[in-house]
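# Structure at a glance
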Amino acid sequence: MDAETRVRTENAGSDIDIRLRHLSQLFDSLDPSPFREGVLTKEAEVYLMKKVQDLPDEKPIRVVIHLPADDAVRRLQPDIAASFTGHFAFCEKIESKQFKEALRAWRQSALIGFAVLSTCLFLAWQIAHNLPARPLTRILQESFVILGWVSVWKPIETALYELLPPAKRRRRRLLRRLATADVILRT
């Protein structure tokens, strides 16, 4: 985003001042939907997420959009504010939905994986205790143990690298903060 911008923290909250030459620097002009449901440009979204990340968590956010007078007159502040907050509310909703879907998929794969692990370990134990000790018996026993542990690989990987990372929770929190931000239009 090539807008001149500065961030200042005040006692009342955290302000993000954005100075634009025209509104298309903030909203995607290729979006065919009505303005109230506009989509921010990817650059604007990334920029705002970085700015909010640097602000104190406990203070509310206020976004002040400075536009040239002729562009500001043509746009209604409630429409711009609704589009702005609506974009981040939608993004937060999508992130939450993806997290819930990943959690549901993890539960299913964990249930299947641990059932297969239990079965394989039981079969390996049965082989060790009920068949004569031969190299082929040992290979069969170890194969079941390996198969059992491989079956829980994906659930463990999902838990460690997709569900637990704090970066995903932080991103949802930042999106929620921007979705509830106070948006002010100034000329």
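Up top you'll find the structure we're talking about.
Presented here is a report on the structure given in the accompanying data block. Residue positions are given per chain, counting from 1 as you read along its sequence in written order. The predicted origin of the model limits local features to residues at a pLDDT of at least 70 and limits the giving and counting of side-chain atom pairs to 80 or more, whereas totals for whole chains, interfaces and linings rest on all residues. To obtain the side-chain values, all non-hydrogen atoms of the structure were included, while hydrogens and water were left out.

### Overview of the pattern of salt bridges
- In what follows, salt bridge is the name for a side-chain nitrogen of Lys or Arg lying within 4 Å of a carboxyl oxygen of Asp or Glu. Inspection of every chain in the model, using the stated rule, returns 9 salt bridges.
- One salt bridge connects Arg177 with Asp57, and the closest N-O pair in it is separated by 3.6 Å. Here Arg177 is found in helix α6 (residues 166-179), whereas its partner Asp57 is found in the loop between α1 (42-53) and β3 (61-66), with 120 residues between them in sequence.
- The exposure class assigned to Arg177 is buried, which follows from its relative accessible area of 12%.
- The cut-offs for exposure are 20% and 50% of the maximum accessible area for each residue type, with area from a 1.4 Å probe on protein chains only; residues under the lower value are buried, those over the upper are exposed, and the others partly exposed. Among the residues examined, Asp57 registers a relative accessible area of 44% and is labelled partly exposed. Put simply, DSSP H or I for four residues or longer makes a helix, DSSP E for two residues or longer makes a strand, and each gets a number counted from the N terminus.

### Thoughts on the packing of α1 against α6
- What counts as an axis is a line fitted to C-alpha atoms, over the stretch in contact for a helix, and the angles between N-to-C directions run from 0 to 180 degrees. In the contact formed by α1 and α6, the axes pass within 10 Å of each other and the chain directions differ by 100°. With respect to α6, the axis of α1 lies roughly perpendicular. Residues Glu45, Leu48, Met49, Val52 and Gln53 of α1 form the contact with α6, whose own contacting residues are Arg170, Arg171, Leu174, Leu175, Arg177 and Leu178.
- Split by residue class, the contact of α1 with α6 holds 6 nonpolar, 1 polar and 4 charged. Between 65 and 115 degrees an angle is taken as roughly perpendicular, under 35 as roughly parallel, over 145 as roughly antiparallel, and anywhere else as oblique. The contact criterion used is simple: two residues touch if any of their non-hydrogen atoms lie within 4.5 Å. Throughout, the ten residues Ala, Val, Leu, Ile, Met, Phe, Trp, Tyr, Cys and Pro are labelled nonpolar, Asp, Glu, Lys and Arg are labelled charged, and all others, Gly among them, are labelled polar.

### Things to note about α1
- Across its 12 residues, α1 extends 17 Å between first and last C-alpha, which sits within 8% of the 16 Å expected from 1.5 Å per residue.
- Those residues of α1 not exposed but buried are Ala44, Glu45, Tyr47, Leu48, Met49 and Val52. In this scheme, a helix's expected span is set at 1.5 Å multiplied by one less than its residue total.

### Quick look at the nonpolar core
- Nonpolar core, defined: a set of buried Ala, Val, Leu, Ile, Met, Phe, Trp, Tyr and Cys residues in which side-chain atoms within 4.5 Å join the residues together. Leu26, Leu40, Leu48, Val63, Ile65, Phe84 and Phe88 are the most contacted members of the largest nonpolar core, which totals 29 residues.
- Counting only elements with at least two residues in this core, the list comes to β2 (14-19), α1, β3, α3 (77-130), α6 and β4 (182-186).
- Contact partners of Ile65, with chain neighbours within four places excluded, come to Ile18, Leu20, Leu26, Ile80, Val183, Ile184, Leu185 and Arg186.

These values are about where atoms sit, not about what they do.
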